[in-house]
Amino acid sequence: MTFNVADIRAQFPILSREVHGKPLVYLDNAASVQKPQAVIDQLTASMTGQYANVHRGLHTLSNETTGAFEEARSTVAQFLNAASMDEIIFTMGGTDAVNLVANVLGQEEIGEGDEIILSVMEHHSNIVPWHFLRERKGAVLKWLDVDADGNVDLDAYEAMFTERTKMVAVTHQSNVFGTVTPVKEMARIAHEHGAMILSDGCQKAVHGPVDVQDLGVDFYVFTGHKTYGPSGIGVLYGKKSVLDRLPPYRGGGEMIDIVEQDRVTYNEPPHRFEAGTPPILEAIALGTALRWMMAQDLDGLVAHERALTDHAMEALRATNFIELYGAHPDKGPVIAFNLKGIHPHDVSTILDRQGVAVRAGHHCCQPLMKKLGTSATARASFAAYNTHEEIDALVEACRKAHDLLS
Ligand SMILES: *Cc1c(COP(=O)(O)O)cnc(C)c1O
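Note that this is a predicted model, so its numbers are computed, not measured. (Residues numbered from 1 in each chain as written. Predicted model: local features only at pLDDT ≥ 70, side-chain atom pairs only at ≥ 80, totals over all residues. Heavy atoms only, no water.)

Participant: When you look at the side chain of Lys226 in this model, what are you seeing that I'm missing?
Facilitator: Mapped onto the elements, Lys226 comes out in the loop between strand E9 (219-223) and strand E10 (234-238). No salt bridge is formed by the buried Lys226. Its closest oppositely charged neighbour is Asp200, at 7.1 Å. Setting aside residues no more than four positions away along its own chain, Lys226 makes contact with Ala30, Ala31, Ser32, Val33, Cys202, Gln203 and Val206. (Helix = DSSP H or I, 4+ residues; strand = E, 2+ residues; numbered from the N terminus. Buried < 20%, exposed > 50% of the residue type's maximum accessible area, 1.4 Å probe, protein only. Lys, Arg positive; Asp, Glu negative; His and termini not counted. Salt bridge = Lys/Arg side-chain N within 4 Å of Asp/Glu carboxyl O. Contact = heavy atoms within 4.5 Å.)

Right, here's the structure in full:
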């Protein structure tokens, strides 16, 4: 099956709607991605014919639903090339997954004076849970700088380690610059210094499978709603040897082994970290979304997104009234920009009147915005279903905004 954008588009019903009487040009994929018919059908089919609580009853519907739920876990393990499906924990999203890791590490492994390395281009989801450890446990946050294109200096990174460094938390792909971080090298260096590493893959996983064993990370996080799946579901991968020694996060059903009046023992991973009824339908539909993605011509898909990005970068740069943030030649399909002298909120409002959806704001990256010397940017981000005509529409809408506001 070779990549064909018209065939892809036909599978996303929302793309045929209009906004303000104009065809929708959806370029806010880094905030959330639209859903293919296969995922919509999966949700309907589950709710219509195969639904009950999981891991509980011995009746047919419960057994069938448990089977579908665990099959989704197995699909995630395959998508990440995890060594075992026991390394896959379902969470409520990317934010929830990082909170889980920070919370359980803060119980025993990270305390007063221990150091955590973060890059300045992290999403708030991969900053604030570590701030909790600073505030509540006396941990020390150390900030790894990046250059104007989002590049990490590996020598500067290595120089940050001390015998107190316990953890590195770094994005796999910046949600502002689109730059891909050298996670594999960073993991090797972290381990040489006896530290663990978490990579935030919320922006990366939508562009195809990830190999957590090759990356060598201890934890990897991604989210359903940015991988063609539903919201309300995310994934935490944890290396088995690490998960085995970690205490539970939330308490409740499913995460226990024995509960008595004066003692409690806990289940094995991954169930130890999944208290209560999980997002059943969302997990099953996430499995469908990942299988949908893996069935595409992934080389063709990535080449298409690359071509869209190159086209957009060139066309926006050629206007002379647009400032671009981050121009790494191999960046992912995310472009942060500002129209000179115009607030990005005004830009996005005018673009919206042309049917063009972009994000405007700090993108949950206030430390990076501060470094860039701005409070906000507009951001266009592309997925498999975007077209070159839509890039032209974006540039044309920016020209209109420039003519109206400057
Ligand atoms: C979206 C995003 C998150 C948060 O994921 P949610 O599922 O929305 O909680 C974290 N990190 C990055 C880089 C993101 O883009």
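From this point on, the discussion continues.
Participant: So what exactly am I meant to see when it comes to the pairing of strand E8 (residues 196-200) here?
Facilitator: The side chains of a regular strand alternate between both faces of the sheet. Along E8, five of the five residues are buried, which leaves the element largely enclosed by surrounding structure. Residue alternation in E8 divides its side chains into two sets, Met196, Leu198 and Asp200 and Ile197 and Ser199, and both sets are buried. The pairing of strand E7 (residues 165-171) with E8 spans five bridges and is parallel. Its bridge partner being in E8, Thr171 is matched across the sheet by Asp200. Regarding topology, helix H7 (residues 183-192) serves as the crossover connection from E7 to the parallel E8, and that connection is right-handed. Bridge analysis of E8 against E9 gives three bridges, and the strand direction is parallel. Pairing of Asp200 across the sheet is with Val221, part of E9. (Pairing = 2+ DSSP bridges. Right-handed = clockwise from strand over helix to strand, strands pointing away.)

Participant: Help me understand a negative patch on the surface, please; the structure alone is not making it clear to me.
Facilitator: A grouping of Asp147, Asp153, Asp155 and Glu158 is seen on the molecular surface, where their side chains present a negatively charged patch. Summarising the element assignment, Asp155 is placed in helix H6 (residues 154-159). (Patch = residues over 30% accessible without salt bridge, like charges linked within 9 Å, V, L, I, M, F, W, Y side chains within 5 Å. Areas by Shrake-Rupley, 256 points an atom, 1.4 Å probe, with all protein chains shown as cover. Charge placed at Lys NZ, Arg CZ, Asp CG, Glu CD.)

Participant: It is not clear to me how the site of the ligand should be interpreted in this structure. Could you clarify?
Facilitator: Around the ligand, the structure places Gly93, Gly94, Thr95, His123, Ser125, Asn175, Asp200, Cys202, Gln203, Thr223, His225 and Lys226. Separating an oxygen atom of the ligand from a side-chain N or O atom of Thr95 is a distance of 2.5 Å. Here Asp200 contributes a side-chain N or O atom positioned 2.6 Å from a nitrogen atom of the ligand. Taken by itself the ligand offers 380 Å² of open surface, and the protein chains cover 88% of this. Among the residues forming the shell around the ligand, the class breakdown is one nonpolar, nine polar and two charged. (Near = heavy atom within 4 Å. Polar contact = N/O pair within 3.5 Å; in protein donor to acceptor, adjacent residues only side chain to side chain. Nonpolar A, V, L, I, M, F, W, Y, C, P; charged D, E, K, R; others polar.)

Participant: How should the sheet that holds strand E14 (residues 334-339) be read in this particular structure?
Facilitator: Two modes of strand pairing occur in sheets, parallel and antiparallel, and in both the strands are linked by backbone hydrogen bonds. The four strands lie next to each other as E13-E14-E17-E16, forming an open sheet whose pairing is antiparallel. Each edge of the sheet is formed by a strand with only one pairing partner; in this case those strands are strand E13 (322-325) and strand E16 (359-361). Between one strand and the next, the sheet's axes are offset by a mean angle of 30°, whatever the strand orientation. The pairing of E16 with strand E17 (residues 377-381) spans three bridges and is antiparallel. For Arg359, the partnering residue across the bridge sits in E17 and is Arg379. Helix H11 (residues 298-318) rests against E13 and E14 of the sheet, and its axis sits at about 10° to E14. The strands touched by helix H12 (residues 344-353) within the sheet are E14, E16 and E17, with E16 carrying the most contacts at an inclination of about 160°. (Axes fitted to C-alpha atoms, helices over the stretch in contact; angles between N-to-C directions.)

Participant: What's the story with H7 in this structure? I'm lost.
Facilitator: Think of an α-helix as 3.6 residues a turn; residues three or four steps apart then line up on the same face. Where H7 is concerned, the buried positions are Val183, Met186, Ala187, Ile189 and Ala190. Considered in projection along H7, the buried side chains sweep an arc of 165° and stay on one side of the axis. Looking at the buried positions of H7, the neighbouring elements they touch are strand E6 (140-144), H6, E7, E8 and helix H8 (212-215). Phi turns positive, to about 75°, at Gly194, one or two residues after H7. (Arc of directions from axis to C-beta.)

Participant: Would you mind showing me how to read the domain arrangement of the protein here?
Facilitator: Accessible area lost upon the coming together of the parts is a frequently used measure of interface size. If you check the domain split of the protein, you get domain 1 (5-30 + 297-405) and domain 2 (41-294). Between domain 1 and domain 2, the residue contacts involve 33 residues of the former and 27 residues of the latter. Between domain 1 and domain 2, roughly 2,300 Å² of surface is buried when both sides are summed, and carbon and sulfur atoms account for 62% of that area. It is Leu298, Leu368 and Lys371 in domain 1 that bury the most area against domain 2; as a group they hold 22% of the surface buried on that side. (Domains from an automatic or database assignment. Buried area = accessible area lost by both parts, 1.4 Å probe.)

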